[in-house]
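This is what each chain is made of:
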Amino acid sequence: MDLAFTPEELAFRDEIRTWVRANLPKDISDKVHAAQRLSRDEALATAEEARLQLLRQSLNASRVEQLELENRQLRELLHLTLPSGIEGRVAQVMYDAADPFTRKVIINKGSTSGVKPSSPVLDAKGVLGQVTKVYPFMSEVTLVSDQEQATPIMNARTGERGVATGEGGSQGLLYLRYIAANADIEKDDVLVTSGVDGVYPAGLPVARVLRVERRADSSFARVLCVPTAGIGAVRWLMILHPV
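So, how was this worked out
- Residues numbered from 1 in each chain as written.
- Predicted model: local features only at pLDDT ≥ 70, side-chain atom pairs only at ≥ 80, totals over all residues.
- Heavy atoms only, no water.
- Pairing = 2+ DSSP bridges.
- Helix = DSSP H or I, 4+ residues; strand = E, 2+ residues; numbered from the N terminus.
- Axes fitted to C-alpha atoms, helices over the stretch in contact; angles between N-to-C directions.
- 1 Å grid on protein atoms, 1.4 Å probe; cavity = no way out; pocket = protein on both sides within 12 Å on 5 of 7 lines; lining within 4 Å.
- Points joined across faces, edges and corners; volume = space filled by probe spheres on them.
- Nonpolar A, V, L, I, M, F, W, Y, C, P; charged D, E, K, R; others polar.
- pLDDT = per-residue confidence, 0-100.
- Buried < 20%, exposed > 50% of the residue type's maximum accessible area, 1.4 Å probe, protein only.
- Polar contact = N/O pair within 3.5 Å; in protein donor to acceptor, adjacent residues only side chain to side chain.
- Contact = heavy atoms within 4.5 Å.
- Salt bridge = Lys/Arg side-chain N within 4 Å of Asp/Glu carboxyl O.

Moving on, we get to the sheet that holds strand β10 (residues 205–213). Taken in spatial order, the six strands of this closed barrel run β6-β7-β8-β11-β10-β9, and their pairing is antiparallel. Between one strand axis and the next, the sheet turns by 40 degrees as a mean value, whatever way the strands run.

Pasting the structure below:
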């Protein structure tokens, strides 16, 4: 019978030995290397240290993933091309607003940083919402998916104007108000800001049409849309000066 270890098995053994030397008390480490039997308490201590080490590695991996996501969002934001004559400043989301029936976030920039009420807020993919309350060192941003938020839009394909309103649900969807049942609007149409409200510059991406529902007993179509911005997943955002 061939009891020789394969190269992979030898590499795994060396990895285990390295971990034992680095993480276990010297007396237990010496016993392991000498192939001596461990007491019950020593075996339990070894198992507990292994579990703690795995937990630390898992937490570190989660932190690395989160930092990579935030760094990517920040890089995309810094390369964002703004409309001519429009200036902006970068801010960070601190936390979601406490009210579970609204879709709002709190950011780390306020009046001392020049933030003003009604300022448009974007991420690298599109419109997030607008500033609705300003404090000295923080501000409240109401997202486009909030049920009280209405955003004037234009269908980039047809030029047809409308108003996108937040559904307020957990899915973060929008719907279009008062769209005629025979209107030229289709799934995957891109909706951008129309610029007629004096808040948002024209041409900023807002949403993509998800579904168009037409009923014979209604004069209006029900149009559901998905925001282009990262609703619920954004950490860095851009605040524009009001138009």
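Let us keep going from here.
Approximately 280 Å³ is the volume found for the largest pocket. Taken together, 19 residues make up the lining of the largest pocket; nearest its centre are Asp96, Lys104, Val105, Leu143 and Gly232. Among the secondary structure elements, those contributing two or more residues to the lining of the largest pocket are β1 (88–96) and β2 (104–107). When grouped by side-chain class, the residues that make up the lining of the largest pocket number nine nonpolar, six polar and four charged.

Pairing within the closed barrel is antiparallel, and its six strands lie in the order β1-β2-β5-β4-β3-β12. Taking the axes of each pair of neighbouring strands and ignoring which way they run, one obtains an average angle of 45 degrees across the sheet. Relative to strand β4 (residues 126–134), strand β3 (residues 120–123) runs antiparallel, the two being bridged by four bridges. Counterpart to leucine 122 in the pairing with β4 is valine 127.

Across the protein chain, pLDDT averages 81, with 68% of residues at or above 70. For the protein chain, helix α2 (residues 26–33) is the element with the lowest average pLDDT, namely 63, and strand β5 (residues 139–143) is the one with the highest, namely 95.

Checked against the element boundaries, threonine 165 lands in strand β7 (residues 161–166). In this structure threonine 165 comes out as buried when scored by relative accessible area, which is 1%. Polar contacts involving the side chain of threonine 165 include one to the side chain of arginine 177, which spans 3.2 Å. Not counting residues within four places of it along the chain, the set of residues in contact with threonine 165 comprises Val144, Gln147, Gln149, Ala150, Leu173, Leu174, Tyr175 and Arg177.

Evaluation of the coordinates by the stated rule reveals nine salt bridges. A salt bridge links arginine 211 to glutamate 213; its shortest N-O distance comes to 2.9 Å. Of the charged contacts, one joins arginine 222 and glutamate 213 as a salt bridge, the two residues approaching to 3.7 Å between their closest N and O atoms.

Side-chain alternation along β3 places Pro120 and Leu122 on one buried face and Val121 and Asp123 on a second face that is also buried. Remark: two residues form the turn of the hairpin made by β3 and β4, two consecutive strands paired antiparallel. Two strands pair when backbone bridges link them, and β3 and strand β12 (residues 236–240) are joined in this way by two bridges, in the antiparallel orientation. When the sheet's bridge partners are listed, valine 121 is paired in β12 with isoleucine 239.

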